[in-house]
Amino acid sequence: MRVLVTGGAGFIGANFVHWTRRHRPEVELTVLDALTYAGSGESLGDAAPLVQGDIADAALVDRLVAEHDLVVHFAAETHNDNSLSDPSPFVQTNLVGTFTILEAVRKHGVRLHHVSTDEVYGDLELDDPERFTESTPYNPSSPYSSTKAGSDLLVRAWVRSFGITATISNCSNNYGPYQHVEKFIPRQITNVLDGLRPKLYGDGLNVRDWIHVDDHNSGVWAIVDKGRSGETYLIGADGEETNRTVVEAILRELGQPDDAFDLVKDRPGHDRRYAIDSSKLRTELGWAPQYSDFAAGLRATIAWNRDHEAGWRPQKDATEAKYAKAGQ
Ligand code: NAD
Ligand code: TDX
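Small disclaimer: the values here were computed from a predicted structure and weren't measured.

Engineer: What should I look at first to understand the site of ligand 1 in this one?
Structural biologist: As a matter of local geometry, ligand 1 sits amid 28 residues, with Ile12, Asp33, Thr78, Tyr144 and Lys148 nearest to it. Residue aspartate 33 places a side-chain N or O atom 2.6 Å away from an oxygen atom belonging to ligand 1. The contact in question runs from a nitrogen atom of ligand 1 to an N or O atom on the side chain of aspartate 54, over 3.0 Å. Within the complex, 96% of the 830 Å² of free accessible area of ligand 1 lies under protein.

Structure below.
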């Protein structure tokens, strides 16, 4: 099988390539990635050939899609805070880019797996007994999540109207190696390593449902192997934590008092809580997460960041300067 991985130099895409190399050595991989600020050829290493290019470049995408059997589509603009300061690349990449891929897979009869987020469902109250399921109505809050929601709807329409073969997954918050220092967990780890205090938005009590990136990627493979075209599958590992609990765990692990953080300006429109019910993926496709101990996974991620400073150091100062300007 020849697989085109868009966004394979980003956090989850690079981990997908490494996971596939370890577990599916027979699969041929090509990465298409624009190497934006979020992409890094070093995360990918020599695990797969990299074509540097834009998913909205129709001629390039057409040529690459024609040479593959499956597209696994990770490429996106992904950071909510950036989408609030400048939504335009989110519209371009997440909507126009996904449209460009859809037209190519339609023309060449190539299968697509579209990688999306639980943020398309909006948020939950802290005390809501419900979690998101595949039938929760779409209700996105930010430019990021609304463009991801739009991209999911494009995929669904191309399945129904044009008969393309495609599946969609909506996953909760990932953590693990190679995540950009703008994101919550690596930002706080590298802050403490740099002698800076972690920064919690608002009251610090927002809840995210954490999943190790390898569990996300094994879920993607379960869907590629056994999923039904036109279906959506939620991927989640029952990892709900308040942001404050995560920061306290990081501080403790790095030998600091667990209240050595700052509360800073809240994110506008900040989603309160995400929580995933992944029963469909577990019961229909037999998937189960391997990293059931979040505390252990977090410790490993702290150690990884400590040991891979060369990977994140070049981005750290510019990222913190951007946050400082926003009062965060
Ligand atoms: P990331 O920001 O780390 O990586 C995105 C990658 O896409 C980068 O390598 C970047 O260079 C590339 N890219 C951006 N625009 C491009 C373009 N126009 N053409 C080609 N490449 C382009 O993101 P991530 O966290 O790895 O997320 C990957 C996917 O998973 C996204 O679709 C995201 O919505 C989804 N997702 C992420 C999470 C999470 O917690 N990080 C959770 C659920 C779903
Ligand atoms: O410094 C911070 N302080 C803080 O309190 C940062 C960067 C974040 N936060 C909060 C905001 C969120 O409640 O932490 C939580 C996680 O923030 P992010 O890492 O920005 O993630 P989130 O907005 O939840 O979105 C992530 O998960 C879903 C990814 O960035 C998305 O790409 C994915 O779709």
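Text resumes after the structure shown.
Engineer: Looking at this model, I keep getting lost on the domain arrangement of the protein chain. Mind explaining?
Structural biologist: Accessible area lost during the coming together of the parts is what is often quoted as the interface size. For the protein chain, the assigned domains are domain 1 (2-175 + 210-235) and domain 2 (184-207 + 239-274 + 294-315). A straight line from the C-alpha centre of domain 1 to that of domain 2 covers 25 Å. If you look at the interface, domain 1 gives 19 residues, while domain 2 gives 21 residues. With both sides pooled, the region where domain 1 packs onto domain 2 buries about 1700 Å², and carbon together with sulfur makes up 55% of that total. By the criterion of area lost to domain 2, the three top residues of domain 1 are Leu126, Tyr175 and Trp210, representing 43% of everything that side buries. Remark: the boundary between domain 1 and domain 2 carries one salt bridge. Put simply, aspartate 81 and arginine 267 hold a salt bridge, and the shortest N to O gap is 2.7 Å. Summed over the shared surface of domain 1 and domain 2, the result is nine residue pairs in polar contact (both at pLDDT 80 or more). Tallying contributions element by element places helix 4 (residues 80-85) first for the side of domain 1 that touches domain 2, with three residues. Here the residues of the side of domain 1 that touches domain 2 are counted per class, giving six nonpolar, five polar and eight charged.

Engineer: Can you walk me through the site of ligand 2 in this structure?
Structural biologist: Around ligand 2, the surrounding shell holds 22 residues, and the nearest of these are Glu119, Tyr144, Arg187, Arg267 and His270. Note that an oxygen atom of ligand 2 is positioned 2.9 Å from one of the side-chain N or O atoms of asparagine 173. In the environment of ligand 2, a nitrogen atom lies 2.8 Å from a nitrogen or oxygen atom belonging to the backbone of lysine 199. For ligand 2, the accessible surface in isolation is 660 Å², of which the surrounding protein chains cover 94%. At the level of elements, helix 7 (184-193) and strand 8 (199-201) are the ones that each hand at least two residues to the shell around ligand 2. Counted by class, the shell around ligand 2 contains six nonpolar, nine polar and seven charged residues. Counting residues domain by domain, the shell around ligand 2 receives three or more from each of domain 1 (2-175 + 210-235) and domain 2 (184-207 + 239-274 + 294-315).

Engineer: Would you explain helix 6 (residues 143-162) in this entry?
Structural biologist: Because the α-helix completes a turn every 3.6 residues, residues three or four places apart line up on one side. Taking 1.5 Å of rise per residue, 20 residues should cover 28 Å, and helix 6 covers 27 Å from first to last C-alpha, within 8% of that figure. Residues of helix 6 that are buried include every one of Tyr144, Ser145, Thr147, Lys148, Ala149, Gly150, Ser151, Asp152, Val155, Trp158 and Val159, and no others. Contacts made by the buried residues of helix 6 are with helix 4, helix 5 (88-108), strand 5 (111-117) and strand 6 (166-171). Backbone nitrogen of tyrosine 144 and a side-chain oxygen of the N-cap are separated by 3.2 Å at the start of helix 6; the cap is serine 142. One or two positions beyond helix 6, positive phi appears at glycine 163, with a value near 70 degrees.

Engineer: Looking at this structure, how should I read the environment of leucine 205?
Structural biologist: Structurally, leucine 205 is set in the loop between strand 8 and strand 9 (207-209). When the C-alpha atoms of leucine 205 and leucine 126 are compared, they prove to be 8.9 Å apart, with 79 residues separating the residues in sequence. Not counting residues up to four positions away in its chain, the partners in contact with leucine 205 are Leu126, Thr242, Arg244 and Arg272.

Engineer: Before we go on, may I ask you to explain the packing of helix 9 (residues 243-253) against helix 11 (residues 294-307) in this structure?
Structural biologist: Packed helices, taken two at a time, are described by the angle between their axes plus the distance between the axes. At a closest axis distance of 11 Å, the pairing of helix 9 and helix 11 adopts a crossing angle of 55 degrees. The orientation of helix 9 relative to helix 11 falls into the category oblique. The way helix 9 lies across helix 11 gives a crossing that is right-handed. Every residue of helix 11 that contacts helix 9 at Val246, Ala249, Ile250 and Glu253 is listed here: Phe294, Leu298, Arg299 and Ile302.

Engineer: Honestly, the pairing of strand 2 (residues 28-33) in this entry has me stumped. Any pointers?
Structural biologist: The buried fraction of strand 2 is high, at five of six residues. Here strand 1 (residues 2-6) pairs with strand 2 via five bridges, running parallel. When the sheet's bridge partners are listed, valine 3 is paired in strand 2 with leucine 29. Regarding the hand of the β-α-β motif, the stretch spanning strand 1, helix 1 (residues 11-23) and strand 2 is right-handed. Taken together, the three bridges between strand 2 and strand 3 (residues 50-52) define a ladder with parallel strand orientation. What sits directly across from aspartate 33, in strand 3, is glutamine 52.

Reading the values: rules and limits
- Each chain has its residues counted from 1, running along the sequence as written.
- Chains and ligands are labelled by the order in which they are written, letters from A for the one and numbers from 1 for the other.
- Totals for whole chains, interfaces and linings use every residue, but because this is a predicted model, local features are given only for residues with pLDDT of at least 70 and side-chain atom pairs only at 80 or more, for both listing and counting.
- Values reported for side chains reflect all heavy atoms of the structure, with hydrogen atoms and water molecules removed beforehand.
- When at least one non-hydrogen atom of a residue lies within 4 Å of a molecule or strand, that residue is treated as near it.
- Whenever two N or O atoms come within 3.5 Å, that pair is a polar contact, provided that in protein one can donate a hydrogen and the other can accept it, and provided that, for residues adjacent in sequence, both atoms are side-chain atoms.
- For every accessible area listed, the method is Shrake-Rupley and the probe measures 1.4 Å; residues are considered covered only by the protein chains on display.
- An automatic or database domain assignment provides the domain bounds reported here.
- The contact criterion used is simple: two residues touch if any of their non-hydrogen atoms lie within 4.5 Å.
- Buried area, as used here, totals the accessible surface that two parts lose on assembly, with accessibility defined by a 1.4 Å probe and the loss added over both.
- Salt bridge criterion: a side-chain nitrogen from Lys or Arg within 4 Å of a carboxyl oxygen from Asp or Glu.
- Each helix corresponds to a stretch of at least 4 residues labelled H or I by DSSP, and each strand to a stretch of at least 2 residues labelled E; elements are numbered beginning at the N terminus.
- Residues were grouped as follows: Ala, Val, Leu, Ile, Met, Phe, Trp, Tyr, Cys and Pro as nonpolar; Asp, Glu, Lys and Arg as charged; and all remaining residues, including Gly, as polar.
- Take the number of residues in a helix, subtract one, and multiply by 1.5 Å to get its expected span.
- Relative accessibility decides the category of a residue: with a 1.4 Å probe and only protein chains considered, values under 20% of the type maximum give buried, values over 50% give exposed, and everything between is partly exposed.
- In this analysis an axis means a line fitted to C-alpha atoms, helices contributing only their contacting stretch, and an angle means the value between N-to-C directions, from 0 to 180 degrees.
- Comment on the angle field: the value is read as roughly parallel under 35 degrees, roughly antiparallel over 145, roughly perpendicular from 65 to 115, and oblique elsewhere.
- Should the near helix be turned anticlockwise from the far one by less than a right angle, the crossing is left-handed, and should it be turned clockwise, the crossing is right-handed.
- Strand pairing follows a simple DSSP-based rule, namely that at least 2 bridges must link the two strands.
- Look down the strands so they point away from you; if going from the first strand over the helix to the second traces a clockwise path, that crossover is right-handed.

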